Amino acid sequence: MPLDILLTVLVTAMIQSLFGVGVLLFGTPALLLLGYDFVNALSVLLPISLAINALQILKHYRYIDIDFFKNVLLYTIPLVVWFLFIATSNKVNIGLLVGTFLLFVALKSFVPAVERLLQTLVKYEKAYLAAMGLVHGLTNLGGALLTAIVHGKGYDKHTTRVTVAICYATFAVFQLATLLVLGSEFELTYSQHATFLQIGVIVFLLTEELVYSGIDNNKYSKFFAAFLLASGVLLITKSL
């Protein structure tokens, strides 16, 4: 079992267990830096991301913002699929732009002017969701934009995480289907993929019981802002 992939899965699965995203957002650039190609990184990370999101959805499905999810299906998913076709043969780096935007969004909880501007952006939600699909298809970083717009809606912690989770899970389903249609070949064996998937699920169960359940709504909002800030810094640092 590749130790570098194992460590990546452990860290990113814990993050996704808390916020609904993380396995793809942080795992993809990590594995690319470690020398794995884009398709093989996806083959490892997508099933883990999907499994964690599925467990989150099963637990809190009643809190899903259905109207928002419908818009994601309509305006984001087609572009995820289309631009994943492009990304399999071209390398695109827009991490600097995405990272800067995340830093901006992270200030929402502390700067009233930023919160007002984000409320204005939400009025153009359809265009934002389309851009999110483009970014995710090309770079796997659409989760950053997803968390940003959901954070801007001021949900409680269960609605925040499960709404992010169902959208992110849908990304993963369509990405996996696209890779299968493309006939992509993977380096790791089936048993290795299954082992990493099991590890991701165990990490979720432990994080859910020991960490997530003890965080109230106010703390979760602040942690989420810190998560966005850290995501922005890491993406900018990687892009420079």
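Details of the structure are given in the entry above.
The model shown is predicted, which means the values in this text are computed figures rather than measured ones. Along each chain, residues carry numbers from 1 onward, in the same order as the chain's sequence is written. For this predicted model, a pLDDT threshold of at least 70 governs which residues receive local features, and a threshold of 80 or more governs which side-chain atom pairs are given and counted, while totals over whole chains, interfaces and linings are taken from all residues. With hydrogens and water stripped out, all remaining heavy atoms of the structure feed into the side-chain values.

Q: Where do I start with the side chain of E208 in this structure?
A: The numbering of helices and of strands both runs from the N terminus, where a helix is a DSSP run of H or I of at least 4 residues and a strand a run of E of at least 2. As for its position among the elements, E208 is in helix 11 (residues 190-210). Pairs of N or O atoms within 3.5 Å make up the polar contacts considered here, provided that, within protein, one atom can donate a hydrogen while the other can accept it, and that residues adjacent in sequence are counted only when both atoms are side-chain atoms. Within the structure, E208 has its side chain in polar contact with the side chain of R161 (distance 2.7 Å).

Q: How should the packing of aromatic side chains be read in this particular structure?
A: Two numbers describe a pair of aromatic rings. These are the distance of the centres and the angle of the planes. For Phe, Tyr and Trp, rings pair up if their centres lie within 6.5 Å, where Trp contributes its six-membered ring, and each pair is then called stacked (planes under 30 degrees apart), edge-to-face (over 60) or tilted (otherwise). This structure, assessed with the given rule, holds eight aromatic pairs. Between the aromatic rings of F19 and Y220, the centroid separation amounts to 6.0 Å while the plane-to-plane angle is 40 degrees, which identifies the pairing as tilted. One end of the pair, F19, is in helix 1 (residues 3-19); the other, Y220, is in helix 12 (residues 217-239), with 201 residues separating them in the sequence. Burial classes: relative accessible area under 20% of the type maximum marks a residue as buried, over 50% as exposed, and values in between as partly exposed (1.4 Å probe, protein chains only). Residue F19 is classed as buried on the basis of its relative accessible area, which comes to 8%. Taking relative accessible area as the criterion, Y220 reaches 3% and is therefore assigned buried. With centroids separated by 5.5 Å and ring planes inclined at 85 degrees, the aromatic side chains of F19 and F224 adopt a geometry described as edge-to-face.

Q: Any chance you could explain helix 4 (residues 66-75) here in plain terms?
A: Quick reminder: α-helices carry 3.6 residues per turn. Residues three or four places apart thus point the same way. Inspection of helix 4 places F68, F69 and V72 among the buried residues, and these make up the whole buried set. The buried residues of helix 4 occupy an angular sector of 100 degrees when the element is viewed end-on, so they sit on one face. Exposed positions of helix 4 whose direction lies more than 90 degrees from the buried face are D67, K70 and L74. Structurally, the start of helix 4 carries an N-cap: the backbone nitrogen of D67 is 3.3 Å from a side-chain oxygen of D65. Arc, as used here, means the arc of the directions from the helix axis to the C-beta atoms.

Q: Got a minute to help me understand the packing of helix 9 (residues 142-151) against helix 10 (residues 157-182) in this structure?
A: Packed helices, taken two at a time, are described by their axes: the angle between them and the distance between them. Contact geometry of helix 9 with helix 10 gives a least axis separation of 10 Å together with a crossing angle of 150 degrees. Our classification of the angle between helix 9 and helix 10 gives roughly antiparallel. Two packed elements cross with a definite hand, and for helix 9 against helix 10 that hand is right-handed. When helix 9 is examined against helix 10, the residues G143, L146, T147 and V150 are found in contact with a partner set consisting of T160, V164, C167, Y168 and F171. Classifying every residue of the contact of helix 9 with helix 10 by side-chain character gives six nonpolar, three polar and no charged. Structural elements are reduced to axes, namely lines fitted to C-alpha atoms, with helices fitted over the stretch in contact, and the angle between N-to-C directions of any two is expressed from 0 to 180 degrees. Here is the rule for angles: anything less than 35 degrees is roughly parallel, anything more than 145 is roughly antiparallel, 65 through 115 is roughly perpendicular, and the remaining ranges are oblique. Note: crossing handedness is left-handed where the near helix turns anticlockwise from the far helix by less than a right angle, and right-handed where it turns clockwise. Contacts are assigned to residue pairs that have any heavy atoms within 4.5 Å of one another. Residue classes follow a fixed rule: Ala, Val, Leu, Ile, Met, Phe, Trp, Tyr, Cys and Pro count as nonpolar, while Asp, Glu, Lys and Arg count as charged, and any other residue, Gly among them, counts as polar.

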